[in-house]
Each structure stands twice: as structure tokens, then as C-alpha cells.
Amino acid sequence: MSFREKPSPGRLLLDDTVPLTAVIEASQNLQSHTEYIVRVQRGVSSENSWQVIRRYSDFDVLNSSLMVCGISLPLPPKKLIGNMDREFIAERQRGLQAFLDSITQHPLLSSSLMVKKFLDPNNYSANYTEIALQQVSMFFRSDLKWEVLEPLKDNGWRIRKKYFLIKNKEQPKERYLLSWTPYVCPLLFSSTSESSALLIRPFSERGSLRDHICKVKPRESYLKKYCNPKKSQGLQLQDVKLYGRQILEGLKLLHDGGVFFGHLHASNVIVDDGVCRLADVENGVLGVPSALRPAFTQLRKINTTESIDVFCFGRLLYEMVYGRPPDAVPVDQYPDDPDAAVVSVLQSILSTEACKSGMPSVSQLIRTPLFGDVQLQHSEKLQIKVPSRLREALRTAKESLERRLQEEQRMIHQHRRLTRAQSHHGSEGERKKRKSLARKKSRQSAYENEEDVSVRNNNNSGSGASSPPTCPSSPTPPSTTEALTAPPPPPPPPLPATLDSSSRPPPLTSSDAAGGGRSALLSSIQAFSKGKLKRAAAAPAM
């Protein structure tokens, strides 16, 4: 049985799949200890951020709680003497930042409740198991045949979804193998309220497909099972073909009935007696965000519910073949190439070309050589009968989901472009280019200022050499001696020494000052400052 919390009226439920990032902004010494100020951000918007203050002991407690995963995290060691030294605190801060980065970038650790509480205590302080037990008790008051045996702690990564082992009082020892249709796990009971949803399905002692791949015990903590599996191994080719075809048939069945899934991964596939069945099909209808949402929101071609399921199937097929999911998508290199038909299907979904141009449909995948010749136990035509009103509601919900996805992809694309632009603007090559351009503009401005001074001086020189106008009533002009004793006009400033005699512009004459020589000289100097001056100088205008 699973219990899923829903938002109460007027309260928005957080999307737990949106990644959190954390940066230690500063540290402060308080008496005998040091506190670290951590800036936490949800998603790509810097407006959705907050600060938390943590001591080294808080980091140590978090590290201890995550040791069950079997991964050695880079937490700096303790130091009892000299731990208030400024250089030591700076070094420890860098080490704690590396510790946070290793956690927030890990797909399973980042989604665990311990990490969420550490980074966002205001939203993850509730006891979700206790809340779920209270809600389950209320549900069962109207149906007394069900009894809760025990909670299944850490059975899944979803924080607000809790699992319990229950029994039917009328048939306490019976194991339900009912199936309303092949390849989809049946629901024995379901109920919803304004704040939650409760669902009961058969409990599989053999676990999920991921339990088979990782070769672990189904009831162990999911962090212990999946973070660092020691014995994980890909499936045999015949099992890959059979399980893959059954999963595709389950997806096609849902799509033909107007039901969208979006939650396909190895933990949501139950294997029982050689038959795969999809679990948690209700997640899409309940509005539960997909565990792979951070991955497919990065790829703008994955913008429909069917393309989401195809993308998830490609990742699942990779995990069935190699014993682990791909580190990142796109994938263009495949280790230890398996059967050529397997590689062909993987490339059609996970390659760079597929992520840019589009992926095949579920029906097209079924017809590929890898799955087309697989013989199924249930070969008859399967169909989900959905009432017209429910089908219309599902269509509306599907369209709303796709609009939200496309809007989020646009926002991520814009953020990525802005980040690239900022990175390029701050790069060493770009800084050198801006400095060079600034120096060039400064030289050009200096040359133009010098030319303005030269032009003004030559204008003044020309007007002083000409004879003033005379008329009968005008006074007698000054004597020749007085004219010779007048100070001569200052010479024009010399041109820069970088100009040689062959590229030096012609001298400025009085006729140049009065005619087109000024503009010709200005053009020459401007051209020189831009590095485009020709060695053969044009003759001055006369």
C-alpha cells in the first residue's frame, strides 16, 4: 500500500524533483565554534533562494546518516586544536563546499530526506510517516477488513510517498495475483481526499526490476541498495528483449487509453514469473513529478507525454543492458557493444542526433528487429476502456502537463544562454579582447584630439598672415618693423613616430586649411588609427 500527500486548498506542494544547489557564502566565528552561511537555491531562478547556517558538527551528522549508501563522501576531517585559525577555516570551507557539491550532484543522495532537511529545514521538517499513518487510519475506518502490519521505511526515494505492508483480515495468508490487464500492476483499492491519496496493490516479495539488476534484497533501504551496488549486472539478451517488449506493450496500452505515465524507470517495473508490469501508473494522474524530470527538461525535443515515455524507456533499456543507468544523455559511445539491434534502438533514443531531431514512437519501437519477433503470452488485442468524461479530463491534464514542460524548457534554455554569455564575457580571451579594443579606442581618441589642435593652430596661422582689409577711413597699418617683431605662430605638433616617410600624410598648407585638405588629413589619421592606412598617400587637394 502506498500513501501520497496532496496539497491542501491554498497550499502549494513543492516539486521535490527540482534540484537544490548550495554555496557556502561566508563563515563567522562565535565564541568557540565557527558557523558557515550556506546559500541554497531551488531550480534556475536566483530569486528562489534562502540562507541556512550550519556548523561543522551538522555536516558530520549528515555524513553519518548517508554512510548507509556505501559511498565515501569528501567530508574534511575533524580538528580539535587550531580550528579557529583563519587559514584553517578557509581551507575547511573549501572542503565543505566540495562535500556539498558531491551530494547535490548525486541523483539519489540529492533527493533523500536527510539532504532536503539539511538544506531546506522549513519545508522538510514534518514527520511524513506519522502523517501517512493518521490518514490511513481515517481511510480504514470505513473498511475494517484492511490492517496495517508495518511501515516499509526508505522503500522509495519519494519523500511524501510512504509505503506500508498490510493484510486483508478475511484472507490473511493469501497473496494476490489478480491482474485486470497484463503488463500493468493492478490496484486492489484506491481512495482520495482533499489532502491525500491511498492505493493498495499486491506486494511483490521479489522486488522490482532494479532489484533484479542490482541483485539486492527488496526490503533494504533504497540508498543502501542503489547508491553503490556491488553486484549489479546487465540482463541476458533474451530477457532484455522479452522485458523490453512487455514494457513497450504496457506503455502502448496506456497511450491508447489516453493515460499518460511519465514515470518509467527500473524501480517502477515489477517482475513476477517472467512478466514485467508497470507500477505507480497513477502518478501521472495524481500530478506527481517524474523522477527523471531534471533530465528530460534539458532536451527541448522531449515535449510530449509519449516522447517522455520513450526517453525513459531508452534509459531503462540502457540499464537492462549494462547494469546501470547512463551517466548523462546524450550517449554516443557504448561500452562493450552488445547485439547490433540493441545498439540501434539505444542510438535512436539516446544519441545526440535523436535528442536534436526527435525520437521514435512506442509503436515504432515495437516493430524494430529487437522486439518485433518476441512471442508474448497475451497476444490478443488489449484495450483500456475509459469513459468519455474521464478521457476528456485526461486530455486536458495531458495538455496542461505538456504546456508546463515546454515553458520550463524555455526558461532553462534562456538561463543556459545567459550563463554561456556570462561565462564568455568573463573568459580570459574575452577580457584581453576588451582591453585591446579599449586601447585602440584610446589611441584613436588621442589622434583625433591632436588633429583638432593642429587644425585650429593652422587656421589661426592663416588668418594672421593675410592683410587686413583697408578703406580710406581705416587707420594706417602697422609698420614693417612692428610686423616683423610679431611672434610667429606655433608649429603644428609632430606626427607619431610610428609613421615612416612613405606613409606620412602630406603637410598641411594654407590652402588645405581653407579647402578640403582638413577632411583628407582627418580621414588619413582615422584610417591609420584603425590600421588601414595605405602606404601610397594621396596628393593633397589644391
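Residues numbered from 1 in each chain as written. Predicted model: local features only at pLDDT ≥ 70, side-chain atom pairs only at ≥ 80, totals over all residues. Heavy atoms only, no water.

## Considering helix α4 (residues 128-140)
Over its 13 residues, α4 extends 18 Å from the first C-alpha to the last, a length consistent with the 18 Å expected when each residue adds 1.5 Å. Taken residue by residue, α4 has Y128, A132, Q135, V136, F139 and F140 as its buried positions. Within α4, the buried residues cover an arc of 130° as seen down the axis, which keeps them to one side. (Helix = DSSP H or I, 4+ residues; strand = E, 2+ residues; numbered from the N terminus. Expected span 1.5 Å × (residues − 1). Buried < 20%, exposed > 50% of the residue type's maximum accessible area, 1.4 Å probe, protein only. Arc of directions from axis to C-beta.)

## Digging into the packing of aromatic side chains
Within the structure shown, the criterion is met by seven aromatic pairs. Between the aromatic rings of Y36 and F59, the centroid separation amounts to 6.4 Å while the plane-to-plane angle is 90°, which identifies the pairing as edge-to-face. A residue pair is termed long-range when its members are at least 10 positions apart, and Y36 in strand β3 (residues 33-42) and F59 in helix α1 (residues 56-65) qualify at 23 residues. Judged by its relative accessible area of 1%, Y36 falls in the buried class. Given a relative accessible area of 0%, F59 falls into the buried group. With centroids separated by 4.6 Å and ring planes inclined at 45°, the aromatic side chains of Y318 and Y322 adopt a geometry described as tilted. A residue pair is termed a helical-turn pair when its members lie 3 or 4 positions apart in one helix, as Y318 and Y322 do in helix α10 (residues 305-322) at four residues. (Phe/Tyr/Trp six-rings, centres within 6.5 Å; stacked < 30°, edge-to-face > 60°.)

## Focus on unusual backbone geometry
Cis geometry marks the peptide bond from V329 to P330; its omega dihedral reads 10°. Within the fold, P330 resides in the loop between α10 and α11 (340-350). Notably, K215 is not glycine yet its phi reads approximately 55°, a positive angle. Looking at where K215 falls in the secondary structure, it is placed in the loop between α5 (209-214) and α6 (222-226).

## A word on the pairing of strand β8 (residues 196-200)
With respect to burial, β8 is a largely interior element, five of its five residues being buried. Neither face of β8 is open: one carries S196, L198 and I200, the other A197 and L199, and all of them are buried. Summarising the sheet, strand β7 (residues 189-192) and β8 pair through four bridges and their orientation is antiparallel. For F189, the partnering residue across the bridge sits in β8 and is I200. (Pairing = 2+ DSSP bridges.)

## Details of the sheet that holds strand β4 (residues 49-55)
Across the sheet, three strands lie side by side as β2-β3-β4; this open sheet has antiparallel pairing. The sheet is open, and its two borders are formed by β2 (20-30) and β4, each paired with just one other strand. The mean angle between the axes of side-by-side strands here comes to 25°, regardless of whether they run parallel or antiparallel. Here β2 runs beside β3; their pairing, made up of ten bridges, is antiparallel. (Axes fitted to C-alpha atoms, helices over the stretch in contact; angles between N-to-C directions.)

## With respect to the packing of helix α7 (residues 237-256) against α10
Viewed as axis vectors pointing N to C, α7 and α10 meet at an angle of 165°, and their least axial separation amounts to 11 Å. What the angle tells us is that α7 and α10 run roughly antiparallel. Helix-helix and strand crossings are classified by hand; for α7 and α10 the assignment is right-handed. Each of V240, Y243, G244, I247, L248, L251 and H255 in α7 lies in contact with α10, whose residues at this interface are E306, D309, F313, L316, L317, M320 and V321. Of the residues assigned to the contact of α7 with α10, the class counts are ten nonpolar, two polar and two charged. (Parallel < 35°, antiparallel > 145°, perpendicular 65-115°, else oblique. Left-handed = near helix turned anticlockwise from the far one by under 90°. Contact = heavy atoms within 4.5 Å. Nonpolar A, V, L, I, M, F, W, Y, C, P; charged D, E, K, R; others polar.)

## Topic: the side chain of N168
With respect to the helices and strands, the residue N168 is situated in strand β6 (residues 161-168). Of the polar contacts made by the side chain of N168, one reaches the backbone nitrogen of E170; its length is 3.0 Å. (Polar contact = N/O pair within 3.5 Å; in protein donor to acceptor, adjacent residues only side chain to side chain.)

## Details of the pattern of salt bridges
Scanning the entire structure with this criterion turns up 16 salt bridges. Here R39 makes a salt bridge to E25, at a shortest N to O gap of 3.3 Å. Placement of the pair is R39 in strand β3 and E25 in strand β2, with a sequence separation of 14 residues. Assessed through its relative accessible area of 28%, R39 is described here as partly exposed. (Salt bridge = Lys/Arg side-chain N within 4 Å of Asp/Glu carboxyl O.)

## Brief notes about the environment of P387
Checked against the element boundaries, P387 lands in the loop between α13 (362-366) and α14 (388-425). With 130 residues separating them in the primary sequence, P387 and G257 have C-alpha atoms 9.8 Å apart.

## Let's talk about the pairing of β3
Successive residues of a regular strand alternate their side chains across the two faces of the sheet. Taking burial as the measure, the ten residues of β3 include nine buried ones, the bulk of the element. Following β2, the chain reverses through two residues before pairing antiparallel with β3; Q31 in that reversal takes a positive phi of roughly 55°. Relative to β4, β3 is paired through seven bridges, and the arrangement is antiparallel. Along β4, the bridge assignment pairs V40 with W50. The turn joining β3 and β4, which pair antiparallel and follow one another in sequence, is formed by six residues; a positive phi near 75° is taken by G43.

Coordinates in, geometry out; function isn't part of it.
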